[in-house]
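What follows is each chain in one-letter form.
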Amino acid sequence: MSAESPRIGVYVCNCGTNIAKVVDCDAVADFASQLPGVVVARSYKYMCSNPGQEMIVQDIQEQQLDRVVVASCSPRMHEPTFRRALQSASLNPYFLEMANIREQVSWVHDDGAIATDKAKALVRAAVNRVTRHEPLESMSVDMCPDTLIIGGGIAGMTAALEFADAGKRAYLVEKLDHLGGNVARVDLTAPYMDAAGDIVADRVRRVIESPNIEVFLNSEVRSLDGFVGNFTAMIHTSEGPAGNGHDVKVRVGNVVVCTGYKEFDATRVTHYGYGKLPNVITSFEFEHMLHEGRIEMKDGRPPQYVAIIHCVGSRSPEFHTYCSRVCCMTALKYAREVKSALPTSYVSDIYIDMHAFGKGMEDFYRRSSEIKTLFLMYKRGDHPVIRKADPGDDCDMLIEVHEQLSGETIEIPADLVILMVGMEAREDSEEVAHLVNISRDKDGWFIESHPKLDPVATTTEGIYIAGACAAPKDIPDTVAQARAAAGRILSKIARGKIEIEAVYAEVDEERCSGCRICNDLCPYVAIEYDPETKRSHVISALCKACGACVAACPSGAIKARHFTDAQIFAEIEGVLA
Amino acid sequence: MAIRANPKLIDELVPYGAEDVVKCYQCGNCSAVCPFSKQPYVFPRKPMRLLQMGLEEKIKSSIDPWLCYYCGQCSEQCPREAEPGETMMSLRRWLTSRYDWTGISRLFYKSWRFEVGAVILVALATVAGFLAFGFSQGSIHHYDGPHAFLPSPSIHIFDWTLAIVLLALLLSNAARMWWFTMGRDKEVKAPLSAYFTKAYLLPVHFFTQKRYSQCEHKAPWLTHLALMLSYVTMLVLIMFFLRDMAAGPAIDWHVHIFGYLATIGLIGSSILFLRSRITKSSAQYKHSHESDWIFLVLLLTVAATGILQHILHRSGLDMAANIMYVTHLALVVPMLGLEVPFSKWSHLAYRPLAMYFADVRAVALARQGQPESMPEPVGGGLRTA
């Protein structure tokens, strides 16, 4: 097909009223129909709907269109939809260009006339660009059916068992000398009060017994090379007959990162006297007490007054602004455990907001108040203050709270104070992120491909995340994510081969000087230097076509497919014309 | 200055009927549905909170529980079944026990056995006393006349003695109530003149219970009003016209028509209340404290024995009438002597007083120029501008 006499179809989507309420879509279509090369231009209510797609297919076939412009939403959601439509009409899917007239126009402008002008400019740019599009073919590579799982907590074990049950091999790498992660440190679980130990022990047994799971304890993944379907991981393990470390090399198709979280370090909060007052402890220290079966003060006496303080390190401007999600219900669990162990004790629960979402949790909250838990609400940023009680008092400490529900400033007696420490990203999360080439957010949590629609995938193909390494999460959500990640990977393994996006950068080795500027610049570690030829080349399966190397190459030797200079200049000219 | 919370207070209130207050999570539906809940008297929500936190002195200083007539709507609306209406009721019981300086009220509310025991003891003492008195100076075969077993002038003297003792107890408790809620308040100093200008509210609230009529359900108010008016009528008859009531043989209709009406009112309304409590017909009758039963049973039996002795006397059965009279007195004395100062009956004084205090407070706050904390006049339409 020649770019000189293109036959372009332009489709202006109304998106119900999302676009049409601001942009005059018919006027945009009329305008498009006047543009050079445009054979047909239409405005329609929903282009992404089946009739909308059929309209495109029919036009391609009846009017011999060779290029299509869809002016609608951001390509993020529906570019694959329209590419498939082109494909079904036997047209190369890369002859599509989308003009974003929703997010970039109708949702951000009020003035209809100006918005319509902008939409026209964007459509003109898209028409200009699509004229210069080239047909691209995506490639497919073999998928190695084995999977590497980093982290032997509840998420890692669950994912490993999913692979094992499907008859696939999983390598489970755990840094510590035992499996179970943070869940193994917990006594009972909210809201049904079943023992975390049972949940963990059963999984550990099945993991160890499974012939399909190879467990590496006291081990770390030192390096991960390759790309989706074909990774090579180097596992350094201190296990072995001699006790000295050795490296194991495994080939895997996918990686699930389940590195979990670490608890907030309570010594960073000075106002609760943690570390100074002997009977101020963290939630995990309390879990340890529960494990031991003894709730007691430092001097061995059982506490008469137990106070639980929420949001230690969470929802605070100084530490973490996010909510750690599990602490509220864990606090209620403590209230119940204290009451059942010490029926004559008094539990006060000092919180900011009670987050009781999730199955069974609101009932759990109600039941916890029925056992006479005193709930006291403090304001974010106006934390309670603990002081030692006076000699005459029947308690060890007094906690001053500006109680929000009553408006009163009160002092509540306490013998034992439990600080509900939040979750935070592990110290090694940066290292892990670098190792598997994924990103972290401002709090250090790994970033998912899409927070709602693609929560276990990452922006790196073949790397998945599950559980609390992505954000604070409870056990059910963690398990669900582990299974989701395993399911995603198993469906790819079942296909045997994987399609790789046809859009990537290419090095013209004739022009490459071997300066290696691009090597370190590439955020996806997709560029390799060949010391023999003294040239760099792009591993296309890893490349995300971000264009960093293209811009940086001093020799102009790198070209990004689908983002050529000609295409981009044409688009700019279209906008500015 | 921080107020010390006492998490144990909630346990102390359980015998008073407040076991469900723990379920409250302060959504405020109760206060939203209550026609009387207005700043600064945000009840039941606020008193429930104070109770949960165990702010004992705050509760002792608050008149809020007395501003509630317990229509039960709050309890119907409560999403947590925290029974806000019953919590207010239990706070009234607790406050009654705090106002009472003898400590007897506390014992009554904490143990129904103690209260029943006290009633029986006083009843037996009354029987013994009146039998001894009757046999010492009269004949059991004579109801009236010179040999009357229990001559009305003597009973009259006894009634007045009892009344003075009760009044003294009630007034001293009321004075304590004033001290806790008004006197010791350093922030709001009510001017003496306000106590005088607002004094008319006391009889108004006592006799009309007009605020109760503002609750959405009207039937309880009418029954309560009938009971109260019958009781007051009977009290006036006994205190001032006892001689005319007891004397025969002719019936003095000026006196007796009121007596019969009051009897019908007392028996009818106490049966209605008993039936409501037995069938738990609506929210306010669902949780009957032992003191509620003791009170209603005494009221009904006092009225019944009262009218029975009258009928027996009129039928010429003097001995039976005398025995019934002694029985009647054996019920009247504990009912008045124990219930009025120490138990449920005492609300006849505390409730009108609380509404009166609320209006006096409103005057004081207005004088102190605190428009943001200006209370709504509790007297409602009754308050002159």
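Please read all numbers here as calculations on a predicted model, not as lab measurements.

Give a detailed account of the overall build of chain B, specifying residues and quantitative values.
Helices and strands together make up the secondary structure of chain B, namely 18 helices and one strand. Computed over C-alpha atoms, the radius of gyration of chain B comes to 22 Å, within 12% of the 21 Å expected from 2.2 N^0.38 for 385 residues, which places it in the range of a compact globule. Taking the principal axes of its C-alpha atoms as reference, chain B extends roughly 70 × 40 × 35 Å. Relative to its 385 residues, chain B shows a buried fraction of 42%.

Account for the overall build of chain A, naming residues and giving values.
If you tally the helices and strands in chain A, you get 15 helices and 30 strands. Once the C-alpha set of chain A is aligned to its principal axes, its extents read approximately 95 × 65 × 45 Å.

Explain the interface of chain A and chain B to me, using residue names and the numbers behind them.
Between chain A and chain B, the contact holds 18 residues from the first and 18 residues from the second. Of all the elements in the fold, those that place two or more residues in the side of chain A that touches chain B are strand 18 (346-351), helix 10 (361-370), strand 19 (374-377) and strand 22 (409-414) of chain A. The greatest single-element share of the side of chain A that touches chain B, amounting to four residues, is contributed by strand 22 of chain A. For the side of chain A that touches chain B, the residue count by class is seven nonpolar, four polar and seven charged. Both strand 22 of chain A and strand 1 (residues 3-4) of chain B contribute to a ladder of two bridges, which runs parallel. Within strand 1 of chain B, the position partnered with E411 of chain A by the bridge is R4 of chain B.

Please give an account of the domain arrangement of chain A that cites residues and values.
You'll often see interface size given as the accessible area lost when the parts meet. Here chain A is partitioned into domain 1 (8-136), domain 2 (147-261 + 425-497), domain 3 (266-424) and domain 4 (505-561). Once you take the C-alpha centre of each, domain 1 of chain A and domain 3 of chain A turn out to be 58 Å apart.

Can you explain the sheet that holds strand 6 (residues 147-150) of chain A? Please cite residues and give values.
Residue and element names in this part refer to chain A. Taken in spatial order, the five strands of this open sheet run 10-7-6-14-25, and their pairing is parallel. A single partner strand is all that each edge strand has here, and the edge strands are strand 10 (213-216) and strand 25 (463-465). With strand direction ignored, the average angle separating the axes of adjacent strands in the sheet is 20 degrees. As paired elements, strand 6 and strand 14 (residues 254-257) share four bridges and run parallel to each other. Bridge pairing in strand 14 places I150 opposite V257. The strands touched by helix 6 (residues 154-165) are strand 6, strand 7 (170-173), strand 10 and strand 14; relative to strand 7, the strand with the most contacts, the crossing angle is about 165 degrees. Sheet strands touched by helix 12 (residues 475-495): strand 6, strand 14 and strand 25. Its angle to strand 25, the strand with the most contacts, is close to 160 degrees.

Run through the environment of S540 of chain A, naming residues and quoting values.
Residue position: S540 of chain A is located in the loop between strand 29 (535-538) and helix 14 (548-552). Not counting chain neighbours up to four residues away, the residues in contact with S540 of chain A comprise I500 and Y504 of chain A.

Would you mind going over the environment of K379 of chain A in detail, with residue names and values included?
Residue and element names in this part refer to chain A. Along the chain, K379 falls in the loop between strand 19 and strand 20 (385-388). Spatially, the C-alpha atom of K379 lies 48 Å from that of I213, the residues being 166 residues apart in sequence. With residues near it in sequence (within four places) discarded, K379 still touches H402 and Q404.

Could you give an account of the sheet that holds strand 18 of chain A, with specific residues and numbers?
Across a sheet, paired strands are connected by hydrogen bonds in the backbone, their directions being either parallel or antiparallel. Residues and elements named next belong to chain A. Taken in spatial order, the five strands of this open sheet run 16-23-17-18-19, and their pairing is parallel. Where the open sheet ends on each side, the last strands, each with one partner, are strand 16 (280-282) and strand 19. Strand-to-strand, the axes of this sheet are offset by a mean angle of 25 degrees, without reference to chain direction. Across four bridges, the pairing between strand 18 and strand 19 is parallel. Along strand 19, the bridge assignment pairs Y351 with M377.

Quick one: what's the story with helix 9 (residues 112-137) of chain B, residue by residue and with numbers?
Residues and elements named next belong to chain B. The end-to-end C-alpha distance of helix 9, which contains 26 residues, comes to 37 Å, matching closely the 38 Å that a straight helix rising 1.5 Å per residue would cover. Among the residues of helix 9, those classed as buried are E115, V119, A123, T126, F130 and G134. Where helix 9 is buried, its residues touch helix 8 (104-110), helix 16 (290-314) and helix 17 (318-342).

Report on helix 2 (residues 50-62) of chain A, specifying residues and quantitative values.
Residue and element names in this part refer to chain A. The terminal C-alpha atoms of helix 2 lie 18 Å apart, and with 13 residues this matches the ideal 18 Å at 1.5 Å per residue to within 8%. Where helix 2 is concerned, the buried positions are G52, Q53, I56 and I60. Summarising the axial view, the buried residues of helix 2 lie within an arc of 100 degrees, below the 170-degree limit, and thus occupy one face. What points out from helix 2, more than 90 degrees from its buried face, is the exposed set N50, P51, Q61 and E62. Elements in contact with the buried residues of helix 2: strand 1 (8-13), strand 2 (38-44), strand 3 (67-72) and helix 3 (75-88).

Which residues make up the packing of helix 10 (residues 152-183) of chain B against helix 17 of chain B, and what are the values?
Residue and element names in this part refer to chain B. Running from amino to carboxyl end, helix 10 crosses helix 17 at an angle of 10 degrees, the nearest separation of the two axes being 9 Å. Between helix 10 and helix 17, the angle falls in the class roughly parallel. Viewed along their axes, helix 10 and helix 17 form a crossing whose handedness is right-handed. The residues of helix 17 that touch helix 10, namely those facing L162, L166, L169, L170 and N173, are L336, G337, V340 and P341. Its residues assigned to classes, the contact of helix 10 with helix 17 shows seven nonpolar, two polar and no charged.

For unusual backbone geometry, give the residues involved together with the corresponding values.
In this chain, A190 of chain A is followed by P191 of chain A through a cis amide linkage whose omega measures -5 degrees. Positionally, P191 of chain A belongs in the loop between strand 8 (188-189) and strand 9 (194-195). Notably, K534 of chain A is not glycine yet its phi reads approximately 55 degrees, a positive angle. Counting through the fold element by element, K534 of chain A comes out in the loop between strand 28 (527-530) and strand 29. If you check the backbone angles, E81 of chain B has positive phi at about 55 degrees while not being a glycine. The topology assignment puts E81 of chain B in the loop between helix 6 (73-77) and helix 7 (84-99). By the C-beta count within 10 Å, which is 12 here, E81 of chain B ends up exposed.

How would you explain the confidence of the model for chain B if you had to name every residue and give the values?
Residues and elements named next belong to chain B. Model confidence for chain B is summarised by a mean pLDDT of 90, while 95% of its residues fall at 70 or above. Of all helices and strands in chain B, the one with the weakest mean pLDDT is helix 13 (residues 210-213) (88), whereas helix 7 scores best (96). Counting contacts from residues 379-385, a segment whose pLDDT is below 50, to residues more than four positions away or on other chains yields ten contacts. The complex model carries a pTM of 0.81, and its ipTM stands at 0.85.

So what's going on with the domain arrangement of chain B? Residues and values would help.
All names here are of chain B. Each domain of chain B was delimited in the assignment, giving domain 1 (1-99) and domain 2 (104-351). In this structure, domain 1 and domain 2 have C-alpha centres spaced 28 Å apart. Domain 1 puts 24 residues into the contact, and the matching count from domain 2 is 27 residues. Within the residue set of the side of domain 1 that touches domain 2, elements represented by two or more residues are helix 6 and helix 7. Looking at the side of domain 1 that touches domain 2 element by element, the count peaks at seven residues for helix 7. Residue composition of the side of domain 1 that touches domain 2, by class: ten nonpolar, eight polar and six charged.

An account of the packing of helix 14 (residues 219-246) of chain B against helix 15 (residues 253-279) of chain B is needed here, citing residue identities and associated values.
All names here are of chain B. Across the interface, helix 14 lies against helix 15 with an axial gap of 8 Å and an inter-helix angle of 145 degrees. Two packed elements cross with a definite hand, and for helix 14 against helix 15 that hand is left-handed. Residues T223, A226, L227, L229, S230, Y231, T233, M234, L237, F241, D244 and M245 of helix 14 form the contact with helix 15, whose participating residues are V255, F258, G259, A262, G265, L266, S269, S270, L272 and F273. Classifying every residue of the contact of helix 14 with helix 15 gives 14 nonpolar, seven polar and one charged.

Describe the pairing of strand 12 (residues 230-237) of chain A, listing the residues and the values that go with them.
All names here are of chain A. As paired strands, strand 11 (residues 219-227) and strand 12 are joined by eight bridges and run antiparallel to one another. Bridge pairing in strand 12 places D225 opposite T232. If you look at the hairpin formed by strand 11 and strand 12, you'll find two residues sitting between the two strands, and G229 has a positive phi there, around 90 degrees. Bridge analysis of strand 12 against strand 13 (residues 246-252) gives seven bridges, and the strand direction is antiparallel. In the sheet register, F231 faces strand 13, and the bridge partner there is V252.

Provide a residue-level description of the nonpolar core, including the pertinent values.
Of all hydrophobic cores here, the largest spans 137 residues; its most connected members are I308 and L419 of chain A. Excluding its chain neighbours within four sequence positions, the residues that come into contact with I308 of chain A are A331, Y334, A335, V347, D349, I350, I418 and M420 of chain A.

The rules behind these values
- Residues numbered from 1 in each chain as written.
- Chains lettered and ligands numbered in written order.
- Predicted model: local features only at pLDDT ≥ 70, side-chain atom pairs only at ≥ 80, totals over all residues.
- Helix = DSSP H or I, 4+ residues; strand = E, 2+ residues; numbered from the N terminus.
- Rg over C-alpha atoms; globule rule 2.2 N^0.38 Å.
- Buried ≥ 20, exposed ≤ 12 C-beta atoms within 10 Å, placed from the backbone.
- Contact = placed C-beta atoms within 7 Å.
- Nonpolar A, V, L, I, M, F, W, Y, C, P; charged D, E, K, R; others polar.
- Pairing = 2+ DSSP bridges.
- Domains from an automatic or database assignment.
- Axes fitted to C-alpha atoms, helices over the stretch in contact; angles between N-to-C directions.
- Expected span 1.5 Å × (residues − 1).
- Arc of directions from axis to C-beta.
- Parallel < 35°, antiparallel > 145°, perpendicular 65-115°, else oblique.
- Left-handed = near helix turned anticlockwise from the far one by under 90°.
- pLDDT = per-residue confidence, 0-100.
- Core = buried A, V, L, I, M, F, W, Y, C linked by C-beta atoms within 7 Å.

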